[in-house]
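# Results of the structural survey
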Amino acid sequence: MPANDEQNTKPVILTCAQPTGKLTLGNYLGAVRNWSEMLEQNDCYFGIVDLHAITTPSHPATLRQNVYDCVAQYIACGLDPKKCHQFVQSHVIGHTELAWILTCITPIGELQRMTQFKDKVAKLGFKSTESTDEDLKFTHDGARPQASINAGLLCYPVLMAADILLYNADLVPVGEDQRQHLELCRDLAQRFNHQYSETFSIPKGFVPKTGAKIMSLADPRRKMSKSDKNERATLYILDEPNQIKKKISAAVTDSGSEIKAGPDKHGIANLLSIHSSLSGQSTDELEEYFQGKGYGVLKSELTELISENLHPVRDKYKELIKEKAYLKNVLAQGASTAQKRANKILSKVYRKVGFPDRERIT
Ligand code: TYM
């Protein structure tokens, strides 16, 4: 872990991922891979947000396993625990406490207008925020059926804002899909500062130039997502070479045969953007290189490139996932450092809001 005085001079980075399944190529290119390049220059906090994960139905044993899977994947992707703090959101007291305070300065309308909220509601088959009268019961296998739109889904962005502001983060590296949530976080920080006096720094977002929005391989108009039911839509960073080959070969391309990323060429644009993120070549350079070659050549070169890049990540993950005691220790150390920072900010916030000091019983 970085020394304390060193921490104070470096910019603070905070970002998180949900433990809702294996990390996708989108999570890797849009997020985790870039985080690993920030370790030296910054004081980095990487959260595994289990409180967010229960906004959609989840099986308790699966969720617990997903948390260990996630930290093993974080480390395998290059997040060296000696150079950053990795923690589980529910291990640090303060996330939900600050979220509640922020909820009280958030207009409901702003949350209802959030694109991700509207998308999730639509995906669940509801027209608006209507709900059924059914209880949110657990099924026999422990997973919760989605009978109605729970308030957690609506308040999700406020919890995310609390995750960031609890550490007074300077920079938040995320993929394109989190931009709107980050804007809300900045608004809430400003609103709080205005209402109660200067408290939070206003965090900046960092969205990478390439790979910020990797699209589904089956429907390149939609974001690649962990929860896609279509097996061919999502490439996971732990996929074996034969799975990578199958999924890339089956990736939807566009009519015509030219390898060009035009506005009506979503499939090819997506494949080129994956290539560009991994090879470092620009789209223009790739278009020139693939000129006159067919989709088959692009797909087979891309398969090679992805396999080469993910091979060490998969190997490292396989070693790490057997080391549960080590993973638990990484998370315990991370939570301990995170808690110290969170305590300072939370007590400042409590004072500003007007909560009385907690007297200690001696
Ligand atoms: P999550 O778990 O969906 O994704 C983790 C990170 O991966 C990025 N990402 C993508 N990037 C490119 N292409 C894609 N197809 C793709 N899919 C996901 C996301 O932008 C994200 O950076 N709400 C957040 C988790 C969160 C958080 C936070 C993030 C909770 N609190 C505080 C930053 C700061 C989420 O669901 O990420």
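Worth saying up front: this structure is predicted, and the values here are computed from it rather than measured.

## Some points on the overall build of the chain
- Of the regular secondary structure elements, the chain holds 14 helices and five strands.
- Counting only residues that meet the buried cut, the chain has 49% of its 362 residues in that class.
- With an accessible surface of roughly 18100 Å², the chain has 51% of that area assigned to carbon and sulfur atoms.
- Between the mean site of the 46 positive side-chain charges and the mean site of the 43 negative ones, the chain shows a separation of 3 Å.

## Some details on the packing of aromatic side chains
- Applying the stated criterion to the full structure yields eight aromatic pairs.
- Note on Y350 and F355: the rings are 5.1 Å apart at their centroids and 70 degrees apart in plane angle, and the pair reads as edge-to-face.
- Judged by its relative accessible area of 24%, Y350 is partly exposed.
- Among the aromatic residues, those joined into a ring-pair cluster are W35, F46 and Y74.
- Positioned above the aromatic ring of Y156, the side-chain terminus of K120 is 4.5 Å from the ring centre.

## Some details on the site of the ligand
- Neighbouring residues of the ligand: 27 residues in total, closest Q18, Y156, D163, D177 and I214.
- The contact in question runs from a nitrogen atom of the ligand to an N or O atom on the side chain of Y156, over 2.7 Å.
- Interatomic distance of 3.0 Å between a side-chain N/O atom of Q178 and a nitrogen atom of the ligand.
- Within the complex, 96% of the 710 Å² of free accessible area of the ligand lies under protein.
- Looking at the shell around the ligand, the elements with two or more residues in it are β1 (12-17), α2 (25-35) and α8 (151-165).
- Per-class residue counts for the shell around the ligand are 13 nonpolar, nine polar and five charged.

## As for the pattern of salt bridges
- A complete count under the given rule lists 11 salt bridges for this structure.
- E183 is the partner of R186 in a salt bridge, and the nearest nitrogen-oxygen pair spans 3.6 Å. You can see R186 and its partner E183 sitting in helix α9 (residues 179-196), three residues apart, about one turn around the helix.
- Taking relative accessible area as the criterion, R186 reaches 25% and is therefore assigned partly exposed.
- Among the residues examined, E183 registers a relative accessible area of 42% and is labelled partly exposed.
- One connected set of salt bridges, linked through shared partners, spans E240, R314 and K318.

## Comments concerning the confidence of the model for the chain
- The share of residues in the chain with pLDDT of 70 or more is 92%, and the mean pLDDT across the chain is 91.
- Here residues 132-138 is modelled with pLDDT under 50, and outside its nearest four sequence neighbours on either side it reaches 16 contacts, counting other chains as well.

## Quick look at the environment of K340
- Along the chain, K340 turns up in helix α14 (residues 324-353).
- Sequence spacing of K340 and Y167 is 173 residues, and the spatial spacing of their C-alpha atoms is 9.7 Å.

## Describing the pairing of strand β2 (residues 43-48)
- Of all six residues making up β2, six are buried, and the element is well covered by its neighbours.
- Side-chain alternation along β2 places D43, Y45 and G47 on one buried face and C44, F46 and I48 on a second face that is also buried.
- Bridge analysis of β1 against β2 gives six bridges, and the strand direction is parallel. Bridging from a neighbouring strand, A17 pairs with I48 of β2.
- For the segment spanning β1, α2 and β2, crossover handedness is right-handed.
- Here β2 pairs with strand β3 (residues 85-88) via four bridges, running parallel. Bridged to F46 within β3 is Q86.

## Some thoughts on the side chain of S307
- You can see S307 is positioned in helix α13 (residues 295-320).
- The contacts of S307, once residues within four sequence positions are left out, are P241 and I244.

## Remarks on the domain arrangement of the chain
- Examined at the domain level, the chain breaks down into domain 1 (12-211 + 323-353) and domain 2 (241-318).
- Look at where the C-alpha atoms of domain 1 and domain 2 centre, and you get two points 30 Å apart.
- Tallying the contact residues gives 12 residues for domain 1 and 10 residues for domain 2.
- Summed over both sides, the interface between domain 1 and domain 2 buries roughly 930 Å², with carbon and sulfur atoms accounting for 70% of that surface.
- Counting the contacts that link domain 1 with domain 2 gives three residue pairs in polar contact (both at pLDDT 80 or more).
- Those elements that place two or more of their residues in the side of domain 1 that touches domain 2 are α2 and α4 (60-76).

Definitions and limits used
Residues numbered from 1 in each chain as written. Predicted model: local features only at pLDDT ≥ 70, side-chain atom pairs only at ≥ 80, totals over all residues. Heavy atoms only, no water. Helix = DSSP H or I, 4+ residues; strand = E, 2+ residues; numbered from the N terminus. Buried < 20%, exposed > 50% of the residue type's maximum accessible area, 1.4 Å probe, protein only. Areas by Shrake-Rupley, 256 points an atom, 1.4 Å probe, with all protein chains shown as cover. Lys, Arg positive; Asp, Glu negative; His and termini not counted. Charge placed at Lys NZ, Arg CZ, Asp CG, Glu CD. Phe/Tyr/Trp six-rings, centres within 6.5 Å; stacked < 30°, edge-to-face > 60°. Lys NZ or Arg CZ within 6 Å of the ring centre and 35° of its normal. Near = heavy atom within 4 Å. Polar contact = N/O pair within 3.5 Å; in protein donor to acceptor, adjacent residues only side chain to side chain. Nonpolar A, V, L, I, M, F, W, Y, C, P; charged D, E, K, R; others polar. Salt bridge = Lys/Arg side-chain N within 4 Å of Asp/Glu carboxyl O. pLDDT = per-residue confidence, 0-100. Contact = heavy atoms within 4.5 Å. Pairing = 2+ DSSP bridges. Right-handed = clockwise from strand over helix to strand, strands pointing away. Domains from an automatic or database assignment. Buried area = accessible area lost by both parts, 1.4 Å probe.

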